[in-house]
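# A structural walkthrough
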Amino acid sequence: MSQPSRITVVGAGHVGMITAQKCAEKELAEEIVLIDVLEGRPQGIALDLDQSAAVEGWGSRVVGTNDPAATAGSELVIMTAGKPRGPGMSRSDLLAVNGKIIADVARYVRERSPDATVIVVTNPLDPMTALMRAKLGFPARRVIGMAGVLDAARFSWFLAEKLAVGVADVDAMVLGAHGDSMVPLPRATTVNGVPVPELLDRPALEKLADRTKNGGAEIVNLLKTGSAFFAPASGSALMAKAILRDEKRLLPCTCFVNGEFGFEGVYVGVPAVLGRNGVERIVELSLDTEARIAMQKTVGAIQKDVDALRQLGLM
Ligand code: NAD
């Protein structure tokens, strides 16, 4: 019997369980394997999700497990395992604890799913994606970070509210690190083709860009424990669909740049076309001076985290 098409979602926490649900609802694979180190948690969530299929009518099967052997031959792995931050923490405070989790998971993904494309969600996103790639040794096009889709979704939502337009018409672009140094790009952000600088003045746009940069912290402070999970899961499932269905979507993703935007050998958020081969190409926008300086700063912040990983002996 041939093996079913398989996606693995690592981590059955807030982001992982909803990502698994969205992948199952979209029927992105015959089997969605949800794996966690907690005994019972992935099994319980899988059972609950499979029972919801009886009502919803989708045909994927969700399998909960603690055994890496069940993930073998996955076409796509979505890595959500790791600690989220709490109030007052920066994402970089998670480097050591989540770095070790990335290294553990990479060991069995490399061995059991050598042809997989891997989407990293674990924070701090940019250095964790770089670490995952280093540990896997896969081609860079098959190891991609999810952050830009979420950050752009936040910018879109704030713009839609401010302009009183439907959020479906807002198309935002946010580049750079998944942190306060991220680079929202109003010039590349439109409402159904109309550039937002024609609809809002600069101070109003800057205010919304700042709220976007602090969008994760705003939710962390409201929740008190844990961080956002619905929109992050939506972003992860969108990227999964773009890859598995070969949609060639142009999305902001954390990719390995090799000269693009003037940077060499670093993972950073850039516009990329996602399809069957993972990152099919990076799309180089022309940036004004302000955005170029902001990109230099954001790459500097990522490199600092990567250096910290090296000092910790993790990379
Ligand atoms: P959570 O605490 O709800 O879930 C994390 C899960 O990972 C837990 O169930 C835990 O048992 C599991 N886990 C720990 N070590 C594991 C291992 N070695 N193998 C398998 N599972 C393991 O956290 P969450 O809210 O789901 O967030 C998960 C991660 O995603 C955090 O690092 C968070 O910061 C990050 N995140 C990233 C973005 C983004 O835009 N990239 C957005 C939201 C959250």
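Residues numbered from 1 in each chain as written. Predicted model: local features only at pLDDT ≥ 70, side-chain atom pairs only at ≥ 80, totals over all residues. Heavy atoms only, no water.

### Considerations on the overall build of the protein chain
Counting secondary structure elements, the protein chain contains nine helices and 14 strands. Here the C-alpha radius of gyration of the protein chain, 19 Å, is about what a compact globule of 315 residues would show, namely 20 Å. Seen through its principal axes, the protein chain has C-alpha atoms that stretch 60 × 45 × 40 Å. Per-residue burial for the protein chain yields a buried fraction of 51% across its 315 residues. (Helix = DSSP H or I, 4+ residues; strand = E, 2+ residues; numbered from the N terminus. Rg over C-alpha atoms; globule rule 2.2 N^0.38 Å. Buried < 20%, exposed > 50% of the residue type's maximum accessible area, 1.4 Å probe, protein only.)

### Section: the domain arrangement of the protein chain
Taken as a whole, the protein chain is organised into domain 1 (6–145) and domain 2 (148–310). Distance from the C-alpha centre of domain 1 to the C-alpha centre of domain 2: 22 Å. Between domain 1 and domain 2, the residue contacts involve 40 residues of the former and 42 residues of the latter. Interface area for domain 1 against domain 2, summed over the two sides, is near 3300 Å², with a carbon-plus-sulfur share of 67%. Across the salt bridge formed by arginine 276 and glutamate 75, the nearest N and O atoms sit 2.9 Å from each other. Where domain 1 packs against domain 2, one counts eleven residue pairs in polar contact (both at pLDDT 80 or more). Looking at the side of domain 1 that touches domain 2, the element that brings in the most residues is helix H4 (residues 125–136), giving eight residues. Partitioned by chemical class, the residues of the side of domain 1 that touches domain 2 number 21 nonpolar, nine polar and ten charged. (Domains from an automatic or database assignment. Contact = heavy atoms within 4.5 Å. Buried area = accessible area lost by both parts, 1.4 Å probe. Salt bridge = Lys/Arg side-chain N within 4 Å of Asp/Glu carboxyl O. Polar contact = N/O pair within 3.5 Å; in protein donor to acceptor, adjacent residues only side chain to side chain. Nonpolar A, V, L, I, M, F, W, Y, C, P; charged D, E, K, R; others polar.)

### What to know about the sheet that holds strand S11 (residues 194–195)
Taken in spatial order, the three strands line up as S7-S10-S11 in an open sheet, and their pairing is antiparallel. Strands at the two margins of the open sheet, each flanked by one partner only, are strand S7 (170–171) and S11. In the sheet, S7 pairs with strand S10 (residues 190–191) via two bridges, with the strands oriented antiparallel. Within the sheet, the bridge partner assigned to valine 170 lies in S10 and is valine 191. (Pairing = 2+ DSSP bridges.)

### Things to note about the site of the ligand
With respect to spatial proximity, 26 residues lie near the ligand, and among them His14, Val15, Asp36, Lys83 and Val121 are the closest. At 2.8 Å from an oxygen atom of the ligand is found a main-chain nitrogen or oxygen belonging to lysine 83. A distance of 2.9 Å is found between a nitrogen atom of the ligand and a backbone nitrogen or oxygen belonging to valine 121. Contact with the protein chains covers 88% of the free accessible surface of the ligand, which is 860 Å². If you map the ligand onto the pockets, it falls in the largest pocket. Taken together, the elements giving at least two residues each to the shell around the ligand come down to helix H1 (14–25) and helix H3 (95–112). (Near = heavy atom within 4 Å. Areas by Shrake-Rupley, 256 points an atom, 1.4 Å probe, with all protein chains shown as cover. 1 Å grid on protein atoms, 1.4 Å probe; cavity = no way out; pocket = protein on both sides within 12 Å on 5 of 7 lines; lining within 4 Å. Sits in = over half its atoms within 2 Å of the grid points.)

### Details of the nonpolar core
Judged by nonpolar contacts, the single largest core of 84 residues is most densely connected at Ile7, Ile32, Ile119, Met132, Met239 and Leu274. Each of domain 1 (6–145) and domain 2 (148–310) contributes no fewer than three residues to this core. Sequence-distant contacts of isoleucine 119, defined by excluding residues within four places in its chain, comprise Leu76, Val77, Ile78, Met79, Ile144, Met146, Ser236, Met239, Ala240 and Ile243. If you look at the next biggest cluster of nonpolar residues, it comprises 17 residues, including Phe158, Ala160, Leu163 and Val191. (Core = buried A, V, L, I, M, F, W, Y, C linked by side-chain atoms within 4.5 Å.)

### Here we look at helix H8 (residues 230–244)
The first and last C-alpha atoms of H8 sit 21 Å apart over 15 residues, in line with the 21 Å expected at 1.5 Å per residue. Listed as buried for H8 are Pro232, Ala233, Gly235, Ser236, Ala237, Met239, Ala240, Ala242, Ile243 and Leu244. Aspartate 246 lies just past H8 and shows a positive phi near 55°. (Expected span 1.5 Å × (residues − 1).)

### Let's talk about the layout of surface pockets
Considering only enclosed or pocket space, the largest pocket measures out at about 910 Å³ in volume. Elements with a minimum of two residues in the lining of the largest pocket: H1, H3, helix H5 (148–163) and helix H7 (215–223). Classifying every residue of the lining of the largest pocket by side-chain character gives 22 nonpolar, 13 polar and six charged. Both domains that meet at the lining of the largest pocket, namely domain 1 (6–145) and domain 2 (148–310), each give it at least three residues. Of the voids in this model, the second largest pocket is the one considered here, and its volume is about 600 Å³. Taken together, 24 residues form the lining of the second largest pocket, with Val183, Pro184, Pro186, Glu290 and Ala291 sitting closest to its centre. Secondary-structure elements contributing two or more residues to the lining of the second largest pocket are strand S9 (183–184), helix H6 (202–213) and helix H9 (289–311). Among the elements that line the lining of the second largest pocket, the one with the most residues is H6, at six residues. (Points joined across faces, edges and corners; volume = space filled by probe spheres on them.)

### What to know about the pairing of strand S2 (residues 31–35)
Burial analysis of S2 places five of its five residues in the buried class, the great majority of the element. Neither face of S2 is open: one carries Glu31, Val33 and Ile35, the other Ile32 and Leu34, and all of them are buried. With five bridges connecting them, strand S1 (residues 6–10) and S2 associate as parallel partners. Across the sheet, residue valine 9 finds its bridge partner in S2, namely leucine 34. In this fold, S1 hands off to H1, which returns the chain to S2; that crossover is right-handed. Relative to strand S3 (residues 61–65), S2 is paired through five bridges, and the arrangement is parallel. Across the sheet, leucine 34 pairs through a bridge with glycine 64, a residue of S3. (Right-handed = clockwise from strand over helix to strand, strands pointing away.)

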